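# Topology and contacts: notes
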Amino acid sequence: MPRPIEALIDKHALQHNIALLREKAGKRFMWSVVKADAYGHGLHGLLDIFKLTDGLALLDVDEAVAVRNLGWKKPVLLIEGFFTYDDLDKVDRYGIDTLIHSDWQIEDLKKFNFKNKARVHIKLNSGMNRLGFLPARAKTVKEELEKIPMVEVVDFVTHFANSELTYPADGKLPVSGQLNNLVSLEELPCAKCFSNSGAILWHPEAADGAVRAGIALYGVSPDGNKTSEELGLTPVMTLRAGILGTQNLQQGDAVGYGSKFIADHPMRIAVLACGYADGYPRQKAEDRFVLIHGKKAPLVGSVSMDMITVDITDIPETKPGDWAELWGKDLSVNEVAALHGTIGYELLANLNIRVKRKFIG
């Protein structure tokens, strides 16, 4: 029997979230952002559901080739562009869209002999200061790309740093500030793709023709101050681990590496088949817990490579073979992440490949 830990991936939940985001996006082209193996959910097992959107946005050219070989016919976008000149052979052969964010990429496009139409998307730096050309260069970059044989400019792309509903309007870089930095684009005849999950949900003023749905696809709120339930989103992943055994502790007994937890009263603990090698965060945090039979079971002691210990004193029905939910339908991954001082994105993306993804629905 395999080790009892699995990530249940609910295809119906993904379909529900796509429908909700489709409604918000209206008639705009919708990219599904599926980098990091669909945020840890298992891209290849979900391709049949992602067909409900218009295209896939991912990171690496080999990932794009893989989905093509699995029969994906719709557009595929390299969301950070190609990384080396050698990538262009696959971009050309497999019909892969690519972001263009730097002058060196333009020079590589000029040198390559395309046999097929190459669709490119111009990345603009509207204030986040990662990749992209400054908006003042948008016109000249577009004109330079349009002179390259077989190259078609699709749109201008930017990324919002703070699209959360609860980000203050007077903050350093609200959506309105980035849009103001792009106001010169209104004079250029070119489509736009600005909106991420937060902007799809809360910023119709982006007024773009294409959107990039990311974390919200997976049923996770893009704003840590708003729950998925409030937004009508359904978590796609439930991470659960089986109980391997139990221990009865007396006052003064220690648990785990470093003996950092000392029982101050008689208690019963359970050992779960999950650890930091599976992707569960190791760093100590107060008030950490999992759910067993729908009840909170606080973590005790250090998280080990392959095991976690939890207090089940108040859940007497617990026995080996039962399941504990570490995050998912009943325990938000954002809530778990907040207890560990991080974000839900990180927990999902860090889930180790050794944890089996079990697709349901």
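Scroll up a little and you will see the structure.
Anyway, here's the lowdown on the structure attached to this text. Note that the structure is predicted; figures quoted are calculated from it, not measured.

### Observations concerning the overall build of the chain
Looking only at helices and strands, the chain has 12 helices and 18 strands in total. Seen along its three principal axes, the alpha-carbon backbone of the chain occupies a region of about 75 × 45 × 35 Å. Looking at the chain as a whole, 54% of its 361 residues are labelled buried. Contacts spanning at least 24 positions in sequence make up 64% of the contacts within the chain whose residues lie at least 6 apart. For the chain, the exposed surface amounts to about 16,600 Å²; the carbon and sulfur share of it is 52%.

### With respect to the state of the cysteines
Here the structure, examined in full by the defined rule, presents 0 disulfides. Here Cys-190 stays free of any disulfide, with the sulfur of Cys-193 as its closest cysteine sulfur at 11 Å. Look at Cys-190 and you get buried, because its relative accessible area is 13%.

### Structural notes on the sheet that holds strand β7 (residues 151–157)
Ordered by their spatial adjacency, 8 strands build a closed barrel running β2-β3-β4-β5-β6-β7-β8-β9, and the pairing between neighbours is parallel. In this sheet, neighbouring strand axes are inclined to one another by 30° on average, regardless of whether the strands run parallel or antiparallel. Sheet strands in contact with helix α7 (residues 138–146) are β5 (97–100), β6 (118–123) and β7, and its direction is about 160° off that of β7.

### Considerations on the packing of helix α6 (residues 103–111) against α7
Following both chains from N to C, one finds α6 and α7 inclined at 15°, their axes separated by 10 Å at the closest point. The angle between α6 and α7 places the two elements in the roughly parallel class. The crossing of α6 and α7 is left-handed. When α6 is examined against α7, the residues Ile-106, Glu-107, Leu-109 and Lys-110 are found in contact with a partner set consisting of Val-141, Glu-144 and Leu-145. For the contact of α6 with α7, the per-class residue count stands at 4 nonpolar, no polar and 3 charged.

### Let's talk about the environment of Leu-185
Within the fold, Leu-185 resides in the loop between α8 (175–181) and β8 (191–195). A residue is classified by how much of its surface remains accessible, and Leu-185, at 1% relative accessible area, is buried. Remark: the alpha-carbon pair of Leu-185 and Phe-156, spanning 29 residues in sequence, is separated by 8.7 Å. In contact with Leu-185, other than residues within four places in its own chain, are Leu-124, Ala-138, Phe-156, Lys-192 and Phe-194.

### With respect to helix α5 (residues 87–94)
Taken together, the buried positions of α5 are occupied by Asp-87, Leu-88, Val-91 and Asp-92. Seen end-on, α5 carries its buried residues on one side only, within an arc spanning 135°. Buried residues belonging to α5 abut α4 (61–69), β4 (76–78) and α6. Once α5 ends, the next one or two residues include Gly-95, with phi positive near 65°.

### Some details on the packing of aromatic side chains
Overall, the coordinates contain 8 aromatic pairs when judged by the stated rule. Every member of this aromatic cluster is reached through a ring pair, and the members are Tyr-39, Phe-50, Tyr-218 and Tyr-345. Cation over ring: Lys-111 sits above Tyr-85, and NZ or CZ is 5.7 Å from the ring centre. Just above the ring of Trp-323 sits the side chain of Arg-240; from NZ or CZ to the centre is 3.9 Å.

### Considering unusual backbone geometry
A positive phi angle, near 50°, is found at Ser-259, a position not held by glycine. Looking at where Ser-259 falls in the secondary structure, it is placed in the loop between β11 (254–255) and β12 (261–262). With a relative accessible area of 41%, Ser-259 lands in the partly exposed category.

### Points about the pattern of salt bridges
Tallied over the entire structure, the rule returns 19 salt bridges. The residue Lys-329 makes a salt bridge to Asp-10 at a minimum N-O spacing of 2.7 Å. You can see Lys-329 sitting in the loop between β17 (323–327) and α11 (333–339) and its partner Asp-10 sitting in strand β1 (residues 5–10), a full 319 residues away along the chain. For Lys-329, a relative accessible area of 39% translates into the label partly exposed. In this structure, Asp-48 engages Lys-11 in a salt bridge whose closest nitrogen and oxygen atoms are separated by 3.3 Å. Note that Asp-48 is positioned in helix α3 (residues 47–50) and Lys-11 in helix α1 (residues 11–25), a separation of 37 residues in sequence. Accessibility expressed as a relative area gives 15% for Lys-11, which makes it buried. Salt bridges linked by common partners bring Arg-3, Asp-278, Asp-306 and Arg-354 together as one network.

### Thoughts on the pairing of strand β9 (residues 210–213)
Burial of β9 is two-sided: the residues Ala-210 and Arg-212 facing one way and the residues Val-211 and Ala-213 facing the other way are all buried. Across 4 bridges, the pairing between strand β2 (residues 29–33) and β9 is parallel. If you follow Trp-31 over to β9, its bridge partner there is Arg-212. With 2 bridges joining them, β8 and β9 adopt parallel strand pairing. What sits directly across from Ser-195, in β9, is Val-211. The handedness of the β8 to β9 crossover, carried by helix α9 (residues 197–202), is right-handed.

What counts as what
Residues numbered from 1 in each chain as written. Predicted model: local features only at pLDDT ≥ 70, side-chain atom pairs only at ≥ 80, totals over all residues. Heavy atoms only, no water. Helix = DSSP H or I, 4+ residues; strand = E, 2+ residues; numbered from the N terminus. Buried < 20%, exposed > 50% of the residue type's maximum accessible area, 1.4 Å probe, protein only. Contact = heavy atoms within 4.5 Å. Areas by Shrake-Rupley, 256 points an atom, 1.4 Å probe, with all protein chains shown as cover. Disulfide = S-S within 2.5 Å. Pairing = 2+ DSSP bridges. Axes fitted to C-alpha atoms, helices over the stretch in contact; angles between N-to-C directions. Parallel < 35°, antiparallel > 145°, perpendicular 65-115°, else oblique. Left-handed = near helix turned anticlockwise from the far one by under 90°. Nonpolar A, V, L, I, M, F, W, Y, C, P; charged D, E, K, R; others polar. Arc of directions from axis to C-beta. Phe/Tyr/Trp six-rings, centres within 6.5 Å; stacked < 30°, edge-to-face > 60°. Lys NZ or Arg CZ within 6 Å of the ring centre and 35° of its normal. Salt bridge = Lys/Arg side-chain N within 4 Å of Asp/Glu carboxyl O. Right-handed = clockwise from strand over helix to strand, strands pointing away.

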